[in-house]
There are 4 protein chains.
Amino acid sequence: MQTIRRLGLEEAEILVEGARRRATEIGIAMCIAVADESGNLVTFVREDGAKPTSISIAIDKAFTSAGARNHTTFYAEVSRPGAPAWGIDGTNGGHFTAIGGGVHIVEDGGAVVGGIGISGGNSAQDHDVAVAAVDFLTARIPALTTKSPS
Amino acid sequence: MQTIRRLGLEEAEILVEGARRRATEIGIAMCIAVADESGNLVTFVREDGAKPTSISIAIDKAFTSAGARNHTTFYAEVSRPGAPAWGIDGTNGGHFTAIGGGVHIVEDGGAVVGGIGISGGNSAQDHDVAVAAVDFLTARIPALTTKSPS
Amino acid sequence: MQTIRRLGLEEAEILVEGARRRATEIGIAMCIAVADESGNLVTFVREDGAKPTSISIAIDKAFTSAGARNHTTFYAEVSRPGAPAWGIDGTNGGHFTAIGGGVHIVEDGGAVVGGIGISGGNSAQDHDVAVAAVDFLTARIPALTTKSPS
Amino acid sequence: MQTIRRLGLEEAEILVEGARRRATEIGIAMCIAVADESGNLVTFVREDGAKPTSISIAIDKAFTSAGARNHTTFYAEVSRPGAPAWGIDGTNGGHFTAIGGGVHIVEDGGAVVGGIGISGGNSAQDHDVAVAAVDFLTARIPALTTKSPS
């Protein structure tokens, strides 16, 4: 039997608040999604004016970072043609994405408890907002951070 | 050219707050989704402990009530075997649902501006929470209500 | 080798015009789709204000009536639980629909050359508009009519 | 509450007429789709002889250009292996496409009100027809144009 640590709605809402603060700073309307350690959606927010196509991309980034225990930027590298994970994007019913903007959340540098996915800007902007959201969470709950892609 | 009225994140968050208050009263952890008048997701919340299978059902109920301009309970009636819309559930890529718990939002009794979908209890409980959410919204923004199924 | 008779865009546009005239008469904004004898879409029109969920339902009705060589109302009867075609709706990747509003087009009472699908009202209204569209076509091209369900 | 501007069927039909004129000039039977600002289909035309596989590609191009607020050619660049949006095609249930031939429509250089998607030739021809369709619209309704990819 297992005991699982999982971020709850409270932590997810802190992540959303952090993401929205950074999105406002850079002036881009964003879609923001948070998934739990199983990849299931916890919360989602589409800011007024965010692109409709970003809805499912943000949810996919949260799913991927949480489920694959990594930044989605990591897969941008390894999923290139000829690279070791070539073709991993598009798996999981099309929901695994290698576009930057998904960041996993770890507890005390250990177990992954969820992930956040951002879509609305370019992938560098999306990643920046996702990292800012996690930093905002860490400032309030120091045990929750992320780890560099590996 | 058309000019469309659409609920924004501000109204969606009021709906979520209203839904959560009622969910707490009846003691059931709920999934809560809000869609805009085109059926696209605006916000989603999964309360801690809500069933994983309720995630997509809540989103589908919001999509259906917004897009079909009706309560999903309406389709529970007309989609029975032999009834006029028999088989309408399962259309739209499987996202059209006839399960109670989806309620559309109308502005000044006229144009549909979005919909809310609830899943987590039985369909009567889900519908009750959706209606309570709209009542909570109407108390704050009187121009936004729903209409009886028809 | 086969020589196929198929309605072209010219006939499809006559069907759309006939459908729109009837939709205006009954005061309901409709989605109108025309498929060829292979079930592939020829043309589609969403009138301003028609429900978003009607888009794919209209296309499915055109696909079903053309491909199954029948009125979709026929399948409302035979697809009831226990009836001979119980479960046929939902086949074809979910695109086979038994909801009234799809009417096939036959040439000289013989080969099916396409179908029209209407969605936006209730199924009786949708069927009425589909039949009116075919009548409008027949008045201009007498060789093209429909046949009663069988 | 938000107030949204959206192209209606009238503007969509002007786009279709413009696309058909250009398609005739270059001698290629085209599929032509127009989506609204939410990505939902407004109208579709398959010219006689156009390829069956172009039906869904044209619809996807209209969806993508409208929903992502850009030319689909923009994504041809940024979705190459190693580029920032590598893998964005195939998201949104497989409907996001990076193939040229989708062009968004903006009102007064500002809000995106819809998009047009063309499929039938190669991607350069498809893009050419889409741009010609928007030029045809702009000549009649100067407030409606497109913007260069960015």
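Refer to the preceding data block for the structure.
This is a predicted model, so every value here is computed, not measured.

A. Region of interest: the pattern of salt bridges. A full pass over the atoms with the stated rule returns 46 salt bridges over all chains. Among the salt bridges present, the one from Arg6 of chain D reaches Asp36 of chain D, with a minimum N-O distance of 3.6 Å. In this pair, Arg6 of chain D is assigned in strand E1 (residues 2–6) and Asp36 of chain D in strand E2 (residues 31–36), connecting sequence segments 30 residues apart. Like Asp36 of chain D, Arg6 of chain D is buried. Here Asp126 of chain D makes a salt bridge to Lys61 of chain D, at a shortest N to O gap of 2.9 Å. Highlighted residues: Asp126 of chain D in helix H4 (residues 123–140) and Lys61 of chain D in helix H2 (residues 54–68), separated in sequence by 65 residues. Note on accessibility: Asp126 of chain D and Lys61 of chain D belong to one class, buried. Residues joined by salt bridges that share partners form a network here, namely Arg46 of chain A, Arg6, Asp36 and Glu37 of chain B, Arg46 of chain C together with Arg6, Asp36 and Glu37 of chain D.

B. Up close: the interface of chain C and chain D. The interface of chain C with chain D comprises 17 residues on the first partner and 17 residues on the second. Between chain C and chain D the total buried area reaches about 1300 Å² when both faces are included, carbon and sulfur atoms providing 47% of it. Summed over the three residues of chain C that lose the most area to chain D, namely Leu9, Leu41 and Arg46 of chain C, the buried surface amounts to 40% of that side. Linking chain C to chain D there are four salt bridges. Close ionic contact of Asp36 of chain D with Arg46 of chain C constitutes a salt bridge, the shortest N to O distance being 2.8 Å. Here chain C and chain D share 13 residue pairs in polar contact (both at pLDDT 80 or more) between them. Every element with two or more residues in the side of chain C that touches chain D is listed here: helix H1 (9–26), strand E2 (41–46) and helix H2 (54–68) of chain C. In terms of residues, the side of chain C that touches chain D owes the most to one element, E2 of chain C, which gives six residues.

C. Region of the structure containing the sheet that holds strand E4 (residues 112–119) of chain C. The strand order across the open sheet formed by 10 strands is E5(C)-E3(C)-E4(C)-E1(C)-E2(C)-E3(D)-E2(D)-E5(D)-E4(D)-E6(D), and the pairing between neighbours is antiparallel. Only two strands of the sheet have a single partner each, and these edge strands are strand E5 (144–145) of chain C together with strand E6 (144–145) of chain D. Taken together, the five bridges between strand E1 (residues 31–36) of chain C and E2 of chain C define a ladder with antiparallel strand orientation. Its bridge partner being in E2 of chain C, Ile32 of chain C is matched across the sheet by Val45 of chain C.

D. Structural detail: the relation of the copies chain C and chain D. Rotating chain C by 180 degrees about the axis while translating it 0.1 Å along that axis superimposes it on chain D, leaving an RMSD of 0.1 Å. As the rotation angle and translation indicate, the two copies are arranged about a two-fold axis. For chain C, the residue whose C-alpha comes nearest the rotation axis is Phe44 of chain C, separated from it by 2.4 Å. A share of 100% of interface residues in chain C that are also interface residues in chain D marks the association as one of identical surfaces.

E. Representation of the side chain of Glu37 of chain D in the model. Structurally, Glu37 of chain D can be placed in the loop between E2 and strand E3 (41–46). Under the relative-accessibility criterion, Glu37 of chain D is labelled buried at 2%. In terms of polar contacts, Glu37 of chain D uses its side chain to reach the side chain of Arg6 of chain B, at 2.5 Å. At a separation of 2.6 Å, a polar atom in the side chain of Glu37 of chain D contacts the side chain of Ser38 of chain D. Contacts of Glu37 of chain D, omitting those with residues within four sequence positions, involve Pro52 of chain A, Arg6 and Ser38 of chain B together with Ile4, Arg5, Arg6, Ala66, Arg69, Val112, Val113 and Gly114 of chain D.

F. Representation of the pairing of E3 of chain D. In terms of burial, E3 of chain D is largely enclosed, as six of its six residues are buried. Across three bridges, E2 of chain C lies against E3 of chain D in antiparallel orientation. From the neighbouring strand, Phe44 of chain C faces E3 of chain D, where its bridge partner is Phe44 of chain D. Taking the residues that link successive antiparallel strands as the turn, the E2 of chain D-E3 of chain D hairpin has four residues, and the phi of Gly39 of chain D there is positive, at about 95 degrees.

The rules behind each value
Residues numbered from 1 in each chain as written. Chains lettered and ligands numbered in written order. Predicted model: local features only at pLDDT ≥ 70, side-chain atom pairs only at ≥ 80, totals over all residues. Heavy atoms only, no water. Salt bridge = Lys/Arg side-chain N within 4 Å of Asp/Glu carboxyl O. Helix = DSSP H or I, 4+ residues; strand = E, 2+ residues; numbered from the N terminus. Buried < 20%, exposed > 50% of the residue type's maximum accessible area, 1.4 Å probe, protein only. Contact = heavy atoms within 4.5 Å. Buried area = accessible area lost by both parts, 1.4 Å probe. Polar contact = N/O pair within 3.5 Å; in protein donor to acceptor, adjacent residues only side chain to side chain. Pairing = 2+ DSSP bridges. Least-squares fit on C-alpha atoms with pLDDT ≥ 70 in both.

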